[in-house]
Amino acid sequence: SSLLCVALFGQAKLESDELQSNVGQASPIPQDGDASREASVEAQKLEYIVGLYEKEASDPVPKGREIKMVSSTGQEFSCVLPTGEAEEEEAEEDLKTMVKRKLLTAFKDQCLVSKNSGYWSYEVCLYKGVTQFHGEQSEDQRVSFSLGNYRKDLDDYPQLDEEDAERPSESAESRKIREALAVETPESVIYAQRYAGGTSGRRTLVQFVCVQQRSRFDGAPGTVIEVKEPREFHYTITVASPHACVSEYSSKSKVPVPKLLTPLKQQCIYMNQGWWNYEFCYNEHVRQFHMETVNTAVSDKETKTKKTTSQTVTTVDFFLGRKTSNSTIRIHKGETPSTSYASQEYYDGTTCDLTNLPRKVEVRYVCDADTTKSRIMSIQETSTCEYILVIATPLICVNETFQPVQPKLLQISCHPSMGSLEKGDKGADDDDDQD
């Protein structure tokens, strides 16, 4: 059927003058209670494209709620309003699968060689095997030992797995190897492989860490940056690669906020606000302190003169809170991504003189995509010796909570109703009779 008019309106409001003049007003859609509020929220995420057709629908009518609309000339249309429920889409690729697939693609048929480990050199043929050797790299001119063959059943994703994840189907032998080759710093490792069955039972843990600077690799997908033998016949090899960065993957919106905040570990952020200075050390403490410059006169016995030295010292020092077992990170979804935040409570601060209770502080993490570094945005004392510290950081902006909602485009199809067509045909016949 021929298309008379196409128009777009969003947020459940008609925005096309052409469509409004042709169609007029639609019959109201009954809504009540919670369903009405839910529909109102959903309407903010929807945009509709409306098509008016001059003939009755010949194709199957799409599923949805049917409403009647009348044009300014009195012609009736039967319109199908989509429910807003998206059809079942193909499941998004699991982040773990994506990490492994992209690393496999990048390192396919690649062997990394480390020659800076003293007497021994190491050859890591990813997804195949690890070799320790001395001498020339060709096999007939060197002394070598196998450090294990790749075991795909022992892969780990430390930044993506829940801690102490259960593996009920894992064999006792696999569990023993996994425990013997444990990842020491899971917060910095996105993917770990285990190689077992080497010469005299040698085993190796190969772990991938994120390094963004691609210029460091001379065109290679990565490089060996460390080789350790924490105990006899057990090795740990660390491979740095930009392909081991969570930000490389489109599914990063699913990465939990605590994982995204990992780069804040082992560093402190400072802010000066008037007389006070503030120190935030992630997953450790929040501190308030005052510093002054103290001048000290020192006598020089040889010259019999006095010299003045300056030194900055802390004169007042309070802990506003420390991380405890209750300092879990929680997500607070606002009406929009910009009003959403993650929060973490720090307890057991320095005892307050006024309340005789330990100080405590709520740390709020908000998305700031316009900066490259995390910073203290503000601090407030909301009640006596209780505080809110706001950290603005770009690290959490990739999480879906802080992503702008993309509108969903739905189609509304409007065809003349049967009765309207009959009236139109009759009107045309009358005109013919008059002629």
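Below, the discussion takes up the overall build of the chain. Scanning the chain from terminus to terminus reveals six helices and 22 strands. For the chain, with 435 residues in total, the buried portion stands at 38%. Partitioning the contacts of the chain with sequence separation of at least 6, the portion at a separation of at least 24 is 58%. Total accessible area on the chain stands at roughly 26300 Å², and carbon and sulfur atoms take up 46% of it.

Now for the confidence of the model for the chain. Here the chain averages 76 in pLDDT, and 70% of its residues register 70 or above. Segment residues 8-44: pLDDT under 50, and 55 contacts once partners within four positions in sequence are set aside and those in other chains are kept. Low pLDDT, under 50, characterises residues 86-92; the stretch is placed with three contacts to residues that sit more than four places away or in other chains.

Before going further, it helps to examine the pairing of strand β10 (residues 203-210). Counting buried positions along β10 gives seven out of eight residues, so the element sits mostly inside the fold. Between strand β9 (residues 189-196) and β10, which follow one another and run antiparallel, lie six residues, and glycine 197 among them has a positive phi close to 80°. Examined bridge by bridge, β10 and strand β12 (residues 234-241) share eight bridges and lie parallel to one another. Within β12, the position partnered with phenylalanine 208 by the bridge is valine 239.

Glancing now at the sheet that holds strand β15 (residues 285-300). Taken in spatial order, the four strands make up an open sheet running β13-β14-β15-β16, and their pairing is antiparallel. Taken across any chain shown, the strands that pair with only one partner, and hence form the sheet edges, are β13 (268-273) and β16 (305-322). Sheet twist, expressed as the mean angle between neighbouring strand axes with direction ignored, is 30°. For strand β14 (residues 276-281) and β15, the ladder comprises five bridges, and the chain directions are antiparallel. Paired with glutamate 279 across the strands is arginine 287, a residue of β15.

Our next topic: the pairing of β12. With eight of eight residues buried, β12 lies mostly within the body of the structure. The alternating pattern of β12 places His234, Thr236, Thr238 and Ala240 and Tyr235, Ile237, Val239 and Ser241 on opposite faces, both of which are buried. As paired strands, strand β11 (residues 223-231) and β12 are joined by six bridges and run antiparallel to one another. What sits directly across from threonine 223, in β12, is alanine 240. Between β11 and β12, which pair antiparallel and follow one another directly, the connecting turn spans two residues, one of which, phenylalanine 233, has a positive phi of 70°.

Looking now at the pattern of salt bridges. Think of it this way: side chains of opposite charge can pair up when their charged atoms draw near. In total, this model carries 10 salt bridges according to the counting rule given. Among the salt bridges present, the one from aspartate 317 reaches arginine 287, with a minimum N-O distance of 3.1 Å. Residue aspartate 317 is found in strand β16, and its partner arginine 287 is found in strand β15; the two are separated by 30 residues along the sequence. Accessibility expressed as a relative area gives 38% for aspartate 317, which makes it partly exposed.

Turning our eyes to something else, we now look at the nonpolar core. By size, the foremost hydrophobic cluster in this structure holds 24 residues, and its most contacted members are Phe280, Val286, Tyr346, Val363, Tyr365, Ile376 and Leu389. At the level of elements, β13, β14, β18 (341-346), β19 (360-367), β20 (375-383) and β21 (386-393) are the ones that each hand at least two residues to this core. Residues contacting leucine 389, with those up to four places away along its chain left out, are Phe280, Val286, Val361, Glu362, Val363, Arg364, Ile376, Ser378 and Ile379. Grouped together as the second largest cluster of nonpolar side chains are 23 residues, Tyr122, Val130, Tyr150 and Val206 included.

This part takes up unusual backbone geometry. Phi is positive for asparagine 283, which is not a glycine, with a value near 60°. Inspection of the secondary structure assignment puts asparagine 283 in the loop between β14 and β15. In this structure, aspartate 348 takes a positive phi of about 55° despite not being glycine. Tracing the backbone shows aspartate 348 in the loop between β18 and β19. On the accessibility criterion, aspartate 348 (46% relative accessible area) is partly exposed.

Another point: the sheet that holds β21. In spatial order, the strands read β17-β18-β19-β21-β20; together these five strands make up an open sheet with mixed pairing. Each having just a single partner strand, β17 (330-332) and β20 make up the two edges of the open sheet. On average, each strand axis in the sheet is tilted by 25° relative to the strand beside it, whichever way the strands run. As paired strands, β19 and β21 are joined by eight bridges and run parallel to one another. Bridging from a neighbouring strand, cysteine 367 pairs with threonine 393 of β21.

Next up on the list: the packing of aromatic side chains. Enumeration over the complete set of coordinates arrives at 13 aromatic pairs. Plain terms: the ring middles of tryptophan 120 and phenylalanine 145 are 5.7 Å apart, the flat faces sit at 65° to each other, and that makes the pair edge-to-face. Remark: phenylalanine 145 occurs in strand β8 (residues 142-156) and tryptophan 120 occurs in strand β6 (residues 120-125); sequence separation between them is 25 residues. Since its relative accessible area comes to 22%, tryptophan 120 is described here as partly exposed. Residue classification places phenylalanine 145 among the partly exposed positions, given a relative accessible area of 25%. Between tryptophan 275 and tryptophan 276, the aromatic rings sit 5.0 Å apart at their centres with planes inclined by 90°, giving edge-to-face as the arrangement.

What counts, and at which threshold
Sequence order as written defines residue numbering, which begins from 1 separately in each chain. Owing to the predicted nature of the model, reporting of local features is limited to residues with pLDDT of at least 70; listing and counting of side-chain atom pairs is limited to 80 or more, with chain, interface and lining totals taken over all residues. Remark: hydrogens and water are excluded; side-chain values derive from all non-hydrogen atoms of the structure. Put simply, DSSP H or I for four residues or longer makes a helix, DSSP E for two residues or longer makes a strand, and each gets a number counted from the N terminus. Partly exposed describes any residue whose relative accessible area lies between the buried limit of under 20% and the exposed limit of over 50%, with all areas from a 1.4 Å probe on protein chains only and scaled to the type maximum. Any two residues having at least one pair of non-hydrogen atoms within 4.5 Å are treated as being in contact. Accessible areas in this description were obtained via Shrake-Rupley with a 1.4 Å probe; residue shielding takes into account the shown protein chains only. Residue-level confidence of the predictor, termed pLDDT, takes values from 0 up to 100. In short, DSSP must find at least two bridges between two strands for them to pair. To get an axis, a line is fitted to the C-alpha atoms, and for a helix only the part in contact is used. The angle between two axes follows their N-to-C directions and goes from 0 to 180 degrees. Counted as salt bridges are all cases of a side-chain nitrogen of Lys or Arg within 4 Å of a carboxyl oxygen of Asp or Glu. As used here, the term nonpolar core means buried Ala, Val, Leu, Ile, Met, Phe, Trp, Tyr and Cys residues forming a set that is joined through side-chain atoms within 4.5 Å. A pair of Phe, Tyr and Trp rings is counted when the ring centres sit within 6.5 Å of each other, with Trp represented by its six-membered ring. The angle between the planes then sorts it: under 30 degrees is stacked, over 60 is edge-to-face, the rest tilted.

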